[in-house]
Amino acid sequence: MRKDVRILLVGEPKVGKTSLIMSLVSEEFPDDVPLRAEEITIPADVTPERVPTHIVDYSEAEQSDEQLYQEISKANVICIVYSVNNKKSIEKVTSHWIPLINDRTDKDSRVPLILVGNKSDLVEHSSMETILPIMNQYSDIETCVECSAKNLKNISELFYYAQKAVLHPTGPLYCPEEKEMKPSCIKSLTRIFKVSDLDNDGILNDKELNFFQRTCFNMPLAPQALEDVKNVVRKNMTDGVEDNGLTLKGFLFLHTLFIQRGRHETTWTVLRRFGYDDDLELHQEYLFPLLKIPADCTTELNHNAYLFLQSVFDKHDKDRDCALSPDEVKDLFKVFPYMPWGPDVNNTVCTNDQGWITYQGYLSQWTLTTYLDVQRCLEYLGYLGYSIICEQESQAAAITVTRNKRIDLQKKQTQRSVFRCNILGARGSGKTSFLQAFLGRNLLKQRKIREDHKSFYSINTTYVYGQEKYLLLHEVMPDFDFLSEEDLACDVVCLVYDVNNPRSFEYCAKVYKQYFMDSKTPCMMIASKSDLHEARQHYSLTPLDFCRKNKLHPPQPWTCNTVDAPNKDLYTKLTTMAMYPHMAQADLKSCTFWLRASVGATVFAVLGFAMYRAILKQR
């Protein structure tokens, strides 16, 4: 909501603009009226909407046209005052004032107008018959108020309506000519309905309605009040209530009714609670709350965020197969203004045999987004209504900012859950295959992936000493002459060469010597395509001798040309090196270290599978 409201009063001389302002302030009709009242500020605590309000008077005798234009440009709402006993002042509303104001305001953001008929104490008839056609002609006119500065009639109401026209404008919500809500309003309320429909059955049941009511208005509805609301909908439409719950049509009908009855504030309260601004766009402050991330720190989802995302998955996994079909993914993202996931996501995370994203893959993708682009993650959580459903101040409450990596190295332990491994190697060395194998895909399955659907990332869970961790693999494009900071910034480096290509290892050796020899980032050499004949590498040292000389672990043989899913031991080793970089430099060469890591991974993979089956049964 706006921080303050600026009301400007204009009109012909002697219509009573200044008298209206002075009568409001002193609560009595002034005996001596100046040519123009000074700007008055009404404090927030004495206004119905709790917003500071500035009231500005205009006097043709005291001010120039340029001063008038400046005031029009600064005003949030303009009251055009006419005298009900003066036909000329009424005619001037359309012949002079409305055209003047429209010329001085932007067409796409017109300032709301209020027609004020003053001096109603001097006549017995109403001016409404003359004014109604004007109101129908100009959509900028919010309302018309007849009042009397002398009798203090409708004075406070006038300024309340002016304030309301700014804080709860009709324009963005409703089209009076069509007598229906505008498409942008319907779209916003539809998203609100879907977010509030916690079980995704297309109906707001009593529990969901009460949560919605408490969220927006800080109080639940009494059972009888709830029934009364549903009865109003039942009387007016056949499909507004189903299974004793409110359908989307019923929800939209209620808000149309609120607007038609002048209760715009009800609909605006709902819209603003769910993050919308005056143009029915989601606030930047709502989508991108402030989150400070110091250097050398990473971002992860916390436990409550994972619980929320799990509930979102359950809400849309209608067939309970622990995977999201294309239609279910589409339904999940209906609350977004665009589709955030492209076909590459299916080749970034785990999928089932049909190529649908699994529950584990779904959480992995969210983990990846949080790590790589936390602002985008905050935006996505905003669309899903995280702060509202979880009753948090903002989406920032879903994020854990990890401590500086230097502290982890000093303390020789880490609380982090996500580790990044950059994959480097010459073209054709098998980097992409290494990424896909992490998702359980052998060479046969990989050949079915379309070139334009490939991903430079893959992410999955591994177990290190009984702890579930995420390993994020990033394929770095082979440009030896230029590796960016992002290419170098990671927890562990994987250097891949093709054993069958005699020129493949040279790239890995040069990259290591140029960029990683003196760094504290642990490195692993991967002898890719180990099912093929091992060719002699055209380099001064053999891969094994190079590793020995540089105190690296011996090259690890690897292939994805298998009948079943490729072996995942290497990924566990990489995660272990990322978690314990100090050990990677000291005693990762010892076989017992690798053995402990591998056995730990195997045991917890079995336990994990058993737990996964148990979860499936529950679901």
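The paragraphs below set out a description of the structure included in this document. Since the model is a prediction, treat every value here as computed from it, not as a measurement. (Residues numbered from 1 in each chain as written. Predicted model: local features only at pLDDT ≥ 70, side-chain atom pairs only at ≥ 80, totals over all residues. Heavy atoms only, no water.)

1. A word on the packing of aromatic side chains
Put simply, the test is: Only Phe, Tyr and Trp rings take part, Trp by its six-membered ring, and two of them pair if their centres are within 6.5 Å. Stacked means planes under 30 degrees apart, edge-to-face means over 60, and tilted covers everything else. Each helix corresponds to a stretch of at least 4 residues labelled H or I by DSSP, and each strand to a stretch of at least 2 residues labelled E; elements are numbered beginning at the N terminus. Here the term buried applies to any residue with accessible area under 20% of the maximum for its type, exposed to any over 50%, and partly exposed to those in between, with areas from a 1.4 Å probe on protein chains only.
As enumerated under the stated definition, the model contains 24 aromatic pairs in all. Ring geometry for F313 and Y359: centres 5.1 Å apart, planes at 70°, overall edge-to-face. Of the two residues, F313 is situated in helix α12 (residues 303–316) and Y359 in helix α14 (residues 359–372); the sequence distance between them amounts to 46 residues. Here F313 matches Y359 in class, with each residue buried. A centroid spacing of 5.8 Å and a plane angle of 80° characterise the contact between Y512 and F546, whose relative ring orientation is edge-to-face. Of this pair, Y512 sits in helix α21 (residues 504–516) while F546 is found in helix α22 (residues 543–549), placing the two residues 34 residues apart along the sequence. You'll find Y512 and F546 in the same group, each marked buried. Put simply, the rings of F313, F333, F336, Y338, W341, Y359, Y362, W366, Y380 and Y383 pair up and form one aromatic cluster.

2. A word on the nonpolar core
Note on soluble globular proteins: their nonpolar side chains tend to be buried together. Counted only if it meets this: Throughout this description, the term nonpolar core refers to a set of buried Ala, Val, Leu, Ile, Met, Phe, Trp, Tyr and Cys residues connected via side-chain atoms within 4.5 Å. It only takes one pair of heavy atoms within 4.5 Å for two residues to be counted as in contact.
L189, I192, F274, L309, Y362, W366 and L384 are the most contacted members of the largest nonpolar core, which totals 74 residues. If we skip the residues at most four places from it in the chain, W366 touches L301, L309, W341, C377, Y380, L381 and L384. Counting 28 residues, the second largest nonpolar core, distinct from the first, contains L8, Y58, Y69 and W97.

3. Focus on the pattern of salt bridges
Counted only if it meets this: Each reported salt bridge corresponds to a side-chain nitrogen of Lys or Arg within 4 Å of a carboxyl oxygen of Asp or Glu.
Following the criterion strictly, the structure yields 21 salt bridges and no others. The residue R6 makes a salt bridge to E39 at a minimum N-O spacing of 3.2 Å. Of the two residues, R6 is situated in strand β1 (residues 5–11) and E39 in the loop between α1 (17–26) and β2 (40–42); the sequence distance between them amounts to 33 residues. If you follow the salt bridges from partner to partner, you end up with R6, E39, E71 and K74 in one network.

4. Focus on the sheet that holds strand β5 (residues 113–118)
Cut-off, in case you're wondering: Pairs of strands are assigned from DSSP output, requiring at least two bridges between the strands. Geometry is summarised by axes, namely lines fitted to C-alpha atoms with helices restricted to the contacting stretch, and by angles between N-to-C directions that run from 0 to 180 degrees.
Across the sheet, 6 strands lie side by side as β2-β3-β1-β4-β5-β6; this open sheet has mixed pairing. Both outer strands of the open sheet, β2 and β6 (141–146), are each paired with one neighbouring strand and no more. Averaged over neighbouring strand pairs, the angle between their axes works out to 20° when direction is ignored. In this structure, β2 lies alongside strand β3 (residues 53–57), joined through 3 bridges in antiparallel fashion.

5. Some thoughts on the packing of helix α5 (residues 155–167) against helix α10 (residues 264–273)
So the rule is basically this: Take the far helix as the reference: if the near one is turned anticlockwise from it by less than a right angle, the crossing is left-handed, and if turned clockwise, right-handed. Residues are sorted three ways: Asp, Glu, Lys and Arg are charged, Ala, Val, Leu, Ile, Met, Phe, Trp, Tyr, Cys and Pro are nonpolar, and all the rest, Gly among them, are polar.
At a minimum axis separation of 10 Å, α5 and α10 run at an interaxial angle of 35°. In this structure, the crossing between α5 and α10 has a hand that is left-handed. Two secondary-structure elements touch here, α5 through Y160, K164 and L167 and α10 through H264, E265, W268 and R272. Counted by class, the contact of α5 with α10 contains 3 nonpolar, 1 polar and 3 charged residues.

6. Points about unusual backbone geometry
Notably, N200 is not glycine yet its phi reads approximately 55°, a positive angle. Along the polypeptide, N200 turns up in the loop between α6 (183–196) and β9 (203–204). Phi angles above zero are rare outside glycine, and C322 is one such case at about 60°. Within the secondary structure, C322 is located in the loop between α12 and β13 (323–324). Exposure remark for C322: the relative accessible area of 3% places this residue in the buried category.

7. A word on the packing of helix α2 (residues 65–74) against helix α3 (residues 87–103)
Convention followed: In these notes the angle categories are as follows: under 35 degrees is roughly parallel, over 145 is roughly antiparallel, 65 to 115 is roughly perpendicular, and the rest is oblique.
One way to put it is that α2 packs onto α3 with a least axis distance of 10 Å and a crossing angle of 65°. Overall, the two elements α2 and α3 adopt an arrangement that is roughly perpendicular. Note on packing geometry: the crossing formed by α2 with α3 is right-handed. Counted together, L68, Y69 and I72 of α2 and W97, L100 and I101 of α3 form the full contact between these two elements. In terms of residue class, the contact of α2 with α3 is made up of 6 nonpolar, no polar and no charged.

8. A few points about a negative patch on the surface
Heads up, the condition is: Only residues whose relative accessible area exceeds 30% and that form no salt bridge enter a patch; like-charged residues are grouped when within 9 Å of one another, and nonpolar side chains (Val, Leu, Ile, Met, Phe, Trp, Tyr) when within 5 Å. Accessible areas in this description were obtained via Shrake-Rupley with a 1.4 Å probe; residue shielding takes into account the shown protein chains only. In this charge count, Lys and Arg are treated as positive and Asp and Glu as negative; neither His nor the chain ends contribute. One atom stands in for each charge, and that atom is NZ of Lys, CZ of Arg, CG of Asp or CD of Glu.
A contiguous patch of negative charge, built from E27, E28, D31 and D32, is present on the exposed surface. Take E28: it is sitting in the loop between α1 and β2. Judged by its relative accessible area of 53%, E28 falls in the exposed class.

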